[in-house]
Amino acid sequence: MHILGNGFLAQNLRPLAGRHPDTVVLAAGVSWASCTSEEEFARERALLADTARRCVATGRRLLFFSTSSAGLYGPLDCPAREDGPATPSTAYGAHKLAQEELLRASGADHLILRLSHLVGPGQPEHQLLPTLVRHMREGAVQVHRGATRDLVAVADVIMVIDRLLGLGLRSGTVNVASGTAVPVMEIVEHLRPRLNGAARVEQVDAGLIHPHTVSVEKLHRLLPGADTPGAGPYYYRRVLDAYTAVSA
């Protein structure tokens, strides 16, 4: 595969560089879920459009990473499915949905993976888990009341990417997540004794937070019997323990 990008996900994809020569992987662009910069969005749109044109010309498949967050799907009363409604609630989510539509209209063979919250060594410091770990070690952390996250180890995501590409899929959209919405307070309580048992935890209200669960039925249908993310009820604990073990 040909990997475009140098960030967290791109670096973790490097071991697959010798596999799937028919695929271009776009692992570059906006990485801040809170981003509202039209300039940054425009830069990623131009990169995707140019890459898609090149893939059409060469007959290669384009792998694009979107998001399975509530920012893209919006408030739902059931697990978010790839073939269900998407009513973005953030500028980032709207941008990612528009990128998906651009790719589908480009004529390029493609696979869109909607990723949940990736966890692993070297992930950007502004993301949730590194921020929680840093603040707990410093002695105090604030948590939005009612907030949840679907955590998945980046190593597991790389395994899933390798297997999905091996199926020869030439179109479609797949959620890659654990399927479990873990309360952030539960994450904090699991981490606290491992980092700083005396850390002060304050819950703050951040307005209405709608529960968000990601459907992984399609992922499990495509990879039956595989050790996909979310195996076991406490998968997130293994993800957290692995992260803290290497970030100590």
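As a reminder, the structure under discussion sits directly above these lines.
On a predicted model such as this, the values are computed, not experimentally measured, just so you know.

Undergrad: Give me the sheet that holds strand β1 (residues 2-4): which residues, what numbers.
TA: For sheets, the rule is that strands pair by backbone hydrogen bonds, running either parallel or antiparallel. With parallel pairing, the 5 strands of this open sheet are ordered in space as β1-β2-β3-β4-β9. Edge positions in the sheet fall to β1 and β9 (173-176), since each has one partner strand and no second. The mean angle between the axes of side-by-side strands here comes to 25°, regardless of whether they run parallel or antiparallel. Strands in contact with helix α4 (residues 91-106) are β3 (61-67), β4 (110-115) and β9; relative to β3, the strand with the most contacts, it is inclined by about 160°. Those strands touched by helix α6 (residues 154-166) are β2 (23-26), β3, β4 and β9, and its axis lies near 155° from that of β4.

Undergrad: Residue-level account of the side chain of N175, with values.
TA: Considering the arrangement of structural elements, one finds N175 in strand β9. The class for N175 is buried, based on a relative accessible area of 0%. Of the polar contacts made by the side chain of N175, one reaches the side chain of Y73; its length is 2.8 Å. If we skip the residues at most four places from it in the chain, N175 touches S68, Y73, A80, R81, E82, R114, V214, S215 and L219.

Undergrad: Please provide a residue-by-residue account of helix α5 (residues 128-138), values included.
TA: When α5 is considered as a whole, its buried residues turn out to be L129, P130, T131, L132, V133 and M136. Looking at the buried residues of α5, the elements they touch are β5 (117-119), β6 (140-144), α7 (184-195) and α9 (235-246). In the segment just after α5, G139 is the residue with positive phi, at about 110°.

Undergrad: Before we move on, can you summarise α9 with the specific residues and values?
TA: Taking 1.5 Å of rise per residue, the 12 residues of α9 would be expected to cover 16 Å, and the 17 Å separating its terminal C-alpha atoms lies within 8% of that figure. Within the span of α9, buried status applies to Y235, Y236, V239, L240, Y243 and T244. Burial along α9 is one-sided: seen end-on, the buried residues are contained in an arc of 165°. Those residues of α9 that are exposed and aimed more than 90 degrees away from the buried face are A245 and V246.

What counts, and at which threshold
Residues numbered from 1 in each chain as written. Predicted model: local features only at pLDDT ≥ 70, side-chain atom pairs only at ≥ 80, totals over all residues. Heavy atoms only, no water. Pairing = 2+ DSSP bridges. Helix = DSSP H or I, 4+ residues; strand = E, 2+ residues; numbered from the N terminus. Axes fitted to C-alpha atoms, helices over the stretch in contact; angles between N-to-C directions. Contact = heavy atoms within 4.5 Å. Buried < 20%, exposed > 50% of the residue type's maximum accessible area, 1.4 Å probe, protein only. Polar contact = N/O pair within 3.5 Å; in protein donor to acceptor, adjacent residues only side chain to side chain. Expected span 1.5 Å × (residues − 1). Arc of directions from axis to C-beta.

Read these as spatial facts, not as claims about activity.
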